[in-house]
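Geometric and topological summary
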Amino acid sequence: MQPTDIKKPDYFHKVVDCQWACPAHTPVPEYIRLIAAGKYGDAYMVNWESNVFPGILGRTCDRPCEPACRRGRVEDENSPKPEPVAICRLKRVAADLKDGEEIAARINTNKKKKSNGKKIACVGAGPASLTVARDLAPLGYEVTVFDQDPKPGGMIWSQIPRFRLPEEVIDEEVGYILNLGVSFVQKKITSMKSLLTEGYDAVFVGSGAPRGRDLDIPGRKEAAKNIHIGIDWLSSVSFGHTTKIGRRVIVLGGGNTAMDCCRTSRRIGGDDVKVIVRSGFAEMKASPWEKEDAAHEGIPILNFLVPKSFQVTNGKLSGMVFEKVKAEYKDGKRNLVNAGEPDQFFECDDVLVAVGQENAFPWIERDSGVEFDKSGMPKLDPVTFKASLPNVFFGGDSAFGPKNIIWAVAHGHDAAISIDKLLNAENIAERPMPGMSMLSQKMGIHEWSYDNEIANDQRFPVPWADIKKTLKNVKMEVELGFDAATAWKEAQRCLNCDVQTVFTTQLCIECDACVDICPMDCITFTPDGDEKELRGRLSAPALNLIQDLYISGPLKTNRIMVKDEDVCLHCGLCAERCPTGAWDMQKSLIKMTTAGPAARSPLKRRDRKAA
């Protein structure tokens, strides 16, 4: 095998599983160390640079980082339940314990100093548009964000219940962006063609997936008064238009919106609330913790039931009939078939339909120059997010369909790079590589500048407010967040995966000291071979193909050093034990390039400077 080229930024980036899995590539171990040191403001700013909404995401993120966390796969086999570090909840700690005035002052250093004369329109005030605005305003762009709602935030504001995300958190973090010199205009954009005549140099569409799917089954029209589309109903509750619901409520759907609907229903009058899903429990799209939260509040989830009809009695909805199904698999595909059981009937006063969302672009004329595919989605370049019109870009749910906030943020960063390069006459397809710095953590023979002791603690639970109180108040936040002491203990569970084991072939004397001391048996000195064969004959077979093998150059005995990156604890014992210093612990900081000079062509930067 070829020796590993650790100079390539993506090599060590991939080793930091949590950062690699995060769409916005937040440097997770870095901010967790800052939290452990009590530097909450610094930890907040690390997050703000990448994911833009630390306080919001610390409460609502879908947490793609946590399933990737190395801690979840290297726990002692005797552990009751190996669990990842509570990355998301630690992000909230940085937001909760920071000094707000200090953060506002630090963010204001990015404030737009001078206009560059270029105007940008962002349609929709959700996380994607706000990220574009955050990235472009400090560069001198005149950014205007349009939304039909009275406050910016998009689905963050309108669809996430206040018991999960308090209004003041939204206002604070959206306010940081507006204060950079971004204009917010409450206006419903009704024509792309008209917008394109208003002198904007670029248009970004971040209007989300605003239409909830309906359910066309018998009884739908007759019972329409008591059947509500989930996302519209949540918005109505958020804006105070809806304040009560019937006592018996059925929520249809298995996603996060369904979980928000059922929990909101419990707070405004529903004391017999149930979620009914056509799939199995494990296949539900809702995040595991969302399902757990619903169960904690006494809401049953009934699976493998397909809606057949709405029942109407005396002109009013009285219940629903469901077909009981089971899953059968053929050629890897799942089919739901009748289970051979009688249909089931459930009484209800109201039904909330949360069976999915879809995009709606009635305001974009089909002769505007923006092309759409057969499913009604815009035809986009998947890297640059550019539409068929050269100065129109999409991002978030409006680009590729419903996902989540952190993906919308990632889209916003990429679209902002494209817009900035386009308006600087550059090839937007040329994307910048991330920057990487490596810094040795050596302070002495057996001392490092980071805490490398592996804590054996299990994941710490987040405290909840009294359920008797939260179920009576639709605005009372349920999760209380970690206090400083618990945050410190949870932070100790982080394995510092960004502090890398760096091997220098020329210094190795093949004494095998590192092999002897490694607690995970992830280092092997062995003859070379092809990867598949090599993985099978290591000290501990390297079975996870997602992570690479760290391969040295040829050693004096013609063997090579092979380290399985998958289960390495980054404990530093190999470097402490090595008598020649062939092993070192070096912190790798991966910095994703955002819109601005760093993302532009180096040659063009020099040309402009010379001119």
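Residues numbered from 1 in each chain as written. Predicted model: local features only at pLDDT ≥ 70, side-chain atom pairs only at ≥ 80, totals over all residues. Heavy atoms only, no water.

Description of the domain arrangement of the protein
Accessible area lost upon the coming together of the parts serves often as the stated size of an interface. By the assigned domains, the protein splits into domain 1 (113-209 + 359-422) and domain 2 (212-357). Put simply, the middle of domain 1 and the middle of domain 2, counted by C-alpha atoms, are 31 Å apart. With 12 residues of domain 1 at the interface, the matching set in domain 2 holds 11 residues. Together, Q159, F163 and R164 form the three largest contributors to the area buried by domain 1 at its contact with domain 2, with a combined 49%. Connecting domain 1 to domain 2 are two salt bridges. Between R164 and E290 there is a salt bridge; the shortest N-O distance is 2.9 Å. Linking domain 1 with domain 2 are five residue pairs in polar contact (both at pLDDT 80 or more), by the criterion used here. (Domains from an automatic or database assignment. Contact = heavy atoms within 4.5 Å. Buried area = accessible area lost by both parts, 1.4 Å probe. Salt bridge = Lys/Arg side-chain N within 4 Å of Asp/Glu carboxyl O. Polar contact = N/O pair within 3.5 Å; in protein donor to acceptor, adjacent residues only side chain to side chain.)

Topic: the sheet that holds strand β7 (residues 248-252)
Taken together, five strands build an open sheet; the order of strands is β6-β14-β7-β8-β9 and the sheet is parallel. Each edge of the open sheet carries a strand with a single partner, namely β6 (227-229) and β9 (301-302). Here four bridges tie β7 to strand β14 (residues 350-353), and the two strands are oriented parallel to one another. Residue pairing for β14: I250 is matched across the bridge by V351. Lying over the sheet, helix α15 (residues 256-267) contacts β7, β8 (272-276), β9 and β14, oriented at roughly 170 degrees with respect to β8. (Pairing = 2+ DSSP bridges. Helix = DSSP H or I, 4+ residues; strand = E, 2+ residues; numbered from the N terminus. Axes fitted to C-alpha atoms, helices over the stretch in contact; angles between N-to-C directions.)

Details of the layout of surface pockets
Space inside the second largest pocket adds up to approximately 1200 Å³. Mapped onto the lining of the second largest pocket, the elements with two or more residues apiece are α1 (9-15), α2 (17-21), α4 (40-51), α10 (127-136), α18 (405-422) and β24 (583-591). Sorting elements by how many residues they give to the lining of the second largest pocket places α18 first, with six residues. Class assignment for the residues of the lining of the second largest pocket results in 25 nonpolar, 10 polar and seven charged. (1 Å grid on protein atoms, 1.4 Å probe; cavity = no way out; pocket = protein on both sides within 12 Å on 5 of 7 lines; lining within 4 Å. Points joined across faces, edges and corners; volume = space filled by probe spheres on them. Nonpolar A, V, L, I, M, F, W, Y, C, P; charged D, E, K, R; others polar.)

Regarding the sheet that holds strand β23 (residues 560-564)
Spatially, β21-β23-β22 is the arrangement adopted by the three strands of the open sheet, whose pairing is antiparallel. A single partner strand is all that each edge strand has here, and the edge strands are β21 (523-526) and β22 (549-551). In this sheet, neighbouring strand axes are inclined to one another by 25 degrees on average, regardless of whether the strands run parallel or antiparallel.

Quick look at the side chain of T593
As for its position among the elements, T593 is in the loop between β24 and α24 (602-610). Residue classification places T593 among the buried positions, given a relative accessible area of 19%. Of the polar contacts made by the side chain of T593, one reaches the backbone oxygen of M433; its length is 3.1 Å. What T593 contacts, discounting residues up to four positions off in sequence, is I417, P432, M433, P434, G435, A598 and A599. (Buried < 20%, exposed > 50% of the residue type's maximum accessible area, 1.4 Å probe, protein only.)

What to know about the confidence of the model for the protein
Detail in the predicted coordinates should be disregarded across regions flagged by low pLDDT. Averaged over the protein, the pLDDT score is 93; the fraction of residues at 70 or greater is 98%. Confidence over residues 605-611 falls short of pLDDT 50; this stretch has six contacts with residues more than four positions distant or in other chains. (pLDDT = per-residue confidence, 0-100.)

Looking at empty space enclosed by the protein
Throughout the structure, instances matching the rule amount to six cavities of 30 Å³ or more. Of the volumes computed, that of the largest cavity is approximately 140 Å³. If you go around the largest cavity, you meet 16 residues; those closest to its centre are R59, R89, R164, D293 and E479. Taken together, the elements giving at least two residues each to the lining of the largest cavity come down to α5 (54-60), α8 (87-97) and α16 (288-296). Here the element with the most residues in the lining of the largest cavity is α16; it accounts for three residues. Taken together, the residues of the lining of the largest cavity sort by class into five nonpolar, one polar and 10 charged.

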